[in-house]
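Chain by chain, the residues:
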Amino acid sequence: MTEEDSNNSTSPDAFHQLRILFIHLRLHFQALLAPIFLWGFLLAGGKPTARFALAFVALHLFLYGGTTAFNSYYDRDQGPIGGLERPPPVIQALLPFSLMMQGIGFLLAAFGNLPFLIIYLLTFGVASAYSHPLTRLKRHPWFSLLVVAIGQGGVIALAGWLTVRPDLRELTLIAWWGVLAATLTICGIYPVTQIYQIDEDLARGDVTFAAWTGPKRALWFAMSLQALGAALMVWLIYKMFGTAQALLIGLAYGATLLVLLHWSFTFDETAIIANYRRAMRITFVTSLAFFGFLVLHL
């Protein structure tokens with residue numbers, strides 16, 4: 001058997017390669033970000049339509065999935081990452097596949113309105129700069145934090161609004177407060193998703209926010225930002241939907257903050273898998289609770 005034959009015999013078949021590509025999209029993890037877009041959509045008084053469906057799919061399936069795969073191509077993580085406890089190997093086809101996904105999303109976004117398409121392109125550009133070695137914003141703790149907080153928080157809430165009302169001049173004061181609440185919430189969630197991969201990030205030269213502050217300080221920062229975002233969110237829900245629903249959301253956020261507080265005192269840096277699983281549980285439960293609230297109103 002020649003060396004070439006040996007290499008071919010160990011290479012994954014087409015079906016297996018396709019499976020690897022789709023796993024790297026981490027679509028179940030992208031679903032956890034859906035409440036941010038839906039929150040902006042709700043603030044604008046939107047009701048589900050074909051345009052809404054196209055915008056949602058373009059953003060969460062093709063853009064988020066594509067940028068995540070793009071990031072995985074350059075990160076080449078061996079340990080747990082957001083949504084994957086054991087990420088599959090990175091194959092050469094992942095880079096063109098990630099760009100193809102984002103290109104399809106662009107075509108879908110073009111069927112919406114111009115402001116949404118602009119946000120799509122801006123998000124694509126910033127996400128690429130976050131991951132690509134030439135720019136690698138991920139290497140800088142404050143840059144990466146701001147990119148994710150604004151790019152996946154405030155801007156995406158704004159995209160939800162613009163899907164309904166494409167004129168920025170129509171943004172109300174309540175809507176701007178809602179965009180800020182989304183920004184604070186994502187800013188508080190992001191460090192939590194970094195604390196179980198600090199060693200791998202540093203080995204790659206990426207000084208992420210959690211790596212820069214240390215895991216316990218990152219948890220305290222996360223609690224502070226999430227508390228601010230939660231307080232603002234609860235106030236907005238009170239203004240729009242009344243005391244009972246505001247109290248319900250407040251209790252849910254309060255429980256999340258208590259879990260983070262307990263974790264900050266018991267955090268074990270060596271328990272990477274346990275830390276990953278806890279971070280994913282916190283993110284999943286928080287997102288699912290808010291998603292349920294939004295769906296009831298949409």
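Structure shown above.
Conventions we followed
- Residues numbered from 1 in each chain as written.
- Predicted model: local features only at pLDDT ≥ 70, side-chain atom pairs only at ≥ 80, totals over all residues.
- Heavy atoms only, no water.
- Buried < 20%, exposed > 50% of the residue type's maximum accessible area, 1.4 Å probe, protein only.
- Helix = DSSP H or I, 4+ residues; strand = E, 2+ residues; numbered from the N terminus.
- Phe/Tyr/Trp six-rings, centres within 6.5 Å; stacked < 30°, edge-to-face > 60°.
- Lys NZ or Arg CZ within 6 Å of the ring centre and 35° of its normal.
- Salt bridge = Lys/Arg side-chain N within 4 Å of Asp/Glu carboxyl O.

Colleague: What exactly am I supposed to notice about helix 4 (residues 34-43) here?
Modeller: The periodicity of an α-helix, 3.6 residues per turn, causes residues three or four positions apart to be oriented the same way. Counting buried positions along helix 4 gives ten out of ten residues, so the element sits mostly inside the fold. Along helix 4, the residues that are buried comprise A34, P35, I36, F37, L38, W39, G40, F41, L42 and L43.

Colleague: Before we go on, may I ask you to explain the packing of aromatic side chains in this structure?
Modeller: Ring pairs (aromatic) are described by centroid distance and by the angle formed between their planes. This model, assessed by the stated rule, comprises 21 aromatic pairs. Aromatic side chains Y196 and Y276 sit 5.1 Å apart centroid to centroid with 90 degrees between the ring planes, which places their arrangement in the edge-to-face category. Of this pair, Y196 sits in the loop between helix 9 (173-189) and helix 10 (198-203) while Y276 sits in helix 14 (residues 272-297), and the two are 80 residues apart along the sequence. We note that Y196, like Y276, is buried. An aromatic cluster of at least three residues, connected via ring pairs, comprises F37, F41, F52, F56 and F116. Positioned above the aromatic ring of Y73 is the side chain of R76, whose terminal nitrogen or guanidinium carbon lies 4.7 Å from the ring centre.

Colleague: Where do I start with the pattern of salt bridges in this structure?
Modeller: Working definition: two side chains of opposite charge can pair if their charged atoms are close together. According to the stated counting rule, one finds eleven salt bridges in the structure shown. Where D75 meets R204, a salt bridge forms, and the shortest distance between an N and an O atom there is 3.9 Å. Highlighted residues: D75 in helix 5 (residues 50-75) and R204 in the loop between helix 10 and helix 11 (209-213), separated in sequence by 129 residues. Its relative accessible area of 4% is what places D75 among the buried residues. Under the relative-accessibility criterion, R204 is labelled partly exposed at 22%. For the salt bridge of D206 with R136, the shortest nitrogen-to-oxygen distance reads 2.6 Å. With D206 in the loop between helix 10 and helix 11 and R136 in the loop between helix 7 (114-131) and helix 8 (141-164), this pair connects stretches of sequence that are 70 residues apart.

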